[in-house]
Amino acid sequence: MKKHTFIDLFAGAGGMAEGFYQEGYMALTHIELDKYACLTLQERMRHYGYHENEINKIKPTDITDKNIISIIESNIGKTSDIDVIIGGPPCQSFSSHGKARDPFSMKKDPRNYLYENYLNILNYFKPKFFVFENVSGILSTTIKGNSIIKNIFNGMKENYDIVEDKNIILLNAVDFGVPQDRKRVVIIGARKDLNINPKNIYDELKKITKKINKTTVRDAISDLPKLKPSEGKETIDFNSVKKSKYLEWVRPNNYKLLHGHIARSNNELDRKRYRLMAKNKWTLSDLYKNEPSLIHSKKRLFNNSYCVQDYDTPSKTIIAHLHKDGNQFIHPDYTQERSITPREAARLQSFPDDFIFPCSITQQFKQIGNAVPPLMSKYIAMVLKKYL
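Residues numbered from 1 in each chain as written. Predicted model: local features only at pLDDT ≥ 70, side-chain atom pairs only at ≥ 80, totals over all residues. Heavy atoms only, no water.

Undergrad: Can you tell me about the side chain of Ser-240, naming the residues and giving the values?
TA: Mapped onto the secondary structure, Ser-240 falls in the loop between strand 10 (235-237) and helix 11 (245-250). For Ser-240, a relative accessible area of 16% gives the class buried. In terms of polar contacts, Ser-240 uses its side chain to reach the side chain of Asp-223, at 2.5 Å. If sequence neighbours within four positions are ignored, Ser-240 has contacts with Asp-223, Leu-247 and Arg-251. (Helix = DSSP H or I, 4+ residues; strand = E, 2+ residues; numbered from the N terminus. Buried < 20%, exposed > 50% of the residue type's maximum accessible area, 1.4 Å probe, protein only. Polar contact = N/O pair within 3.5 Å; in protein donor to acceptor, adjacent residues only side chain to side chain. Contact = heavy atoms within 4.5 Å.)

Okay, here's the thing in structure tokens:
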């Protein structure tokens, strides 16, 4: 049986691709600029048994390169039959945080126009379907008075039927069993000649989510070895005593290793803050009220600057800021006095335990925070298969 194929744009570490891999699709190429993310993509291709010739084609590639079409063509060889193009242009500048920090009202950040490269490639290769992912902030972003999302819709509608209803295209990963509250715009388009109404695809996804229970932080990470700050190794032998349905999914059968479970170091004051906040389920304001000696020298801290994840709910949105510090992701077990490890972040993003990030802790956090949760992507890939 012929394998379904996809091209992966703005691939990052391959979170969205992972969902398609798990559903048996074959990657024709991954386009990614970051050299460390490319190493992760190569590592995963090895896992899925790709030939070294294919793996070596994955190297840092600038999607704004004027020769990008021929670069992709030389990567994928002679194939006219592409089933899906997936990807989401970098989104930091569309996020509410990015907008707040931009004194030039978005005009100067070249990242704001990367969606044009996605559209150019999409309308050149014309796969049967595409999946475009971005932060919800893109729905309200304007540049020079023009709505970005309208420009994106118009570019897509050249060759594709899409859904423009913002309530339908805004999906939350938590509804797909990902242990994390993560709202994202997901636009799924069907090539016009296929006469498929993409609304049907969203309806099928909605049906799936109705059968899925929410996954909590406890379900996702409570089986992992306890660590104090600075403890942990890149790879250890590990036998999980599986305690949740989610772990059965995230941890492959008979897998005996654990990767990236390394706690970053923390100063004594932060350890005290983490411990008290986690033990008493305090916010930062509660901490300041009860323990003035722990007031931070940086006065401009908000309640979400330090935040304990709650064992009994999904986590808050995992973000790339984790590569700078983990204060917004304090471990709920107060005895550990630390923020989450890369593996815990990967678990909360629904990366399988055998997914290896072959780079520094800083890069691991960045890649995990920027990724599309593989479990959500897997359900999208599964539904699309019915139409291919």
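Undergrad: How would you sum up the nonpolar core? Please name residues and give values.
TA: Ranked by internal contacts, the top residues of the largest apolar core, which has 97 residues, are Leu-9, Phe-20, Val-131, Ile-187 and Leu-384. Those residues in contact with Ile-187 that lie beyond four places of it in its chain are Phe-130, Val-131, Phe-132, Ile-149, Ile-152, Phe-153, Met-156, Ile-162, Ile-169 and Tyr-202. In terms of nonpolar packing, the next biggest core, distinct from the first, is built from nine residues, Tyr-274, Leu-284, Leu-287 and Tyr-306 among them. (Core = buried A, V, L, I, M, F, W, Y, C linked by side-chain atoms within 4.5 Å.)

Undergrad: Kindly report on the packing of helix 6 (residues 114-125) against helix 7 (residues 148-156), identifying the contributing residues and their values.
TA: The interhelical angle for the contact between helix 6 and helix 7, taken along N-to-C directions, is 10°, at an axis separation of 10 Å. Taken together, helix 6 and helix 7 sit at an angle that is classed as roughly parallel. Where helix 6 approaches helix 7, its residues Tyr-115, Leu-119 and Asn-123 are matched on the opposing element by Ile-148, Asn-151, Ile-152, Gly-155 and Met-156. Classifying every residue of the contact of helix 6 with helix 7 by side-chain character gives five nonpolar, three polar and no charged. (Axes fitted to C-alpha atoms, helices over the stretch in contact; angles between N-to-C directions. Parallel < 35°, antiparallel > 145°, perpendicular 65-115°, else oblique. Nonpolar A, V, L, I, M, F, W, Y, C, P; charged D, E, K, R; others polar.)

Undergrad: Go over the packing of aromatic side chains, please, and point to the residues and values.
TA: For the structure shown, the criterion picks out 16 aromatic pairs. Centroid distance Phe-355 to Phe-357: 4.9 Å. Interplanar angle 40°. Geometry classified as tilted. Of the residues examined, Phe-357 reaches a relative accessible area of 3% and is grouped as buried. A connected cluster of aromatic rings, assembled from ring pairs, spans Phe-6, Phe-20, Tyr-21, Tyr-25, Tyr-48 and Tyr-50. Here the basic side chain of Lys-316 rests over the ring of Phe-329, its NZ or CZ set 5.5 Å away from the ring centre. (Phe/Tyr/Trp six-rings, centres within 6.5 Å; stacked < 30°, edge-to-face > 60°. Lys NZ or Arg CZ within 6 Å of the ring centre and 35° of its normal.)

Undergrad: Describe the pairing of strand 9 (residues 183-191), with residues and values.
TA: Sheet faces and side chains relate simply in a regular strand, where the side chains alternate between the two faces. For strand 9, the buried fraction is high: eight of the nine residues fall into the buried class. One ladder, built from seven bridges, connects strand 4 (residues 129-135) with strand 9; its direction is antiparallel. Across the sheet, Val-131 pairs through a bridge with Ile-188, a residue of strand 9. Bridge analysis of strand 7 (residues 160-161) against strand 9 gives two bridges, and the strand direction is antiparallel. (Pairing = 2+ DSSP bridges.)

Undergrad: So, the packing of helix 4 (residues 68-76) against helix 6: which residues are in play, and what are the values?
TA: Where helix 4 contacts helix 6, the two axes come as close as 11 Å, and the packing angle between them is 55°. Comparing the axis directions of helix 4 and helix 6 gives the class oblique. The interaxial crossing formed by helix 4 with helix 6 has right-handed handedness. Here Ile-68, Ile-69, Ile-72, Glu-73 and Ile-76 of helix 4 come into contact with helix 6, specifically with Asn-120, Ile-121, Tyr-124 and Phe-125. By residue class, the composition of the contact of helix 4 with helix 6 is seven nonpolar, one polar and one charged. (Left-handed = near helix turned anticlockwise from the far one by under 90°.)

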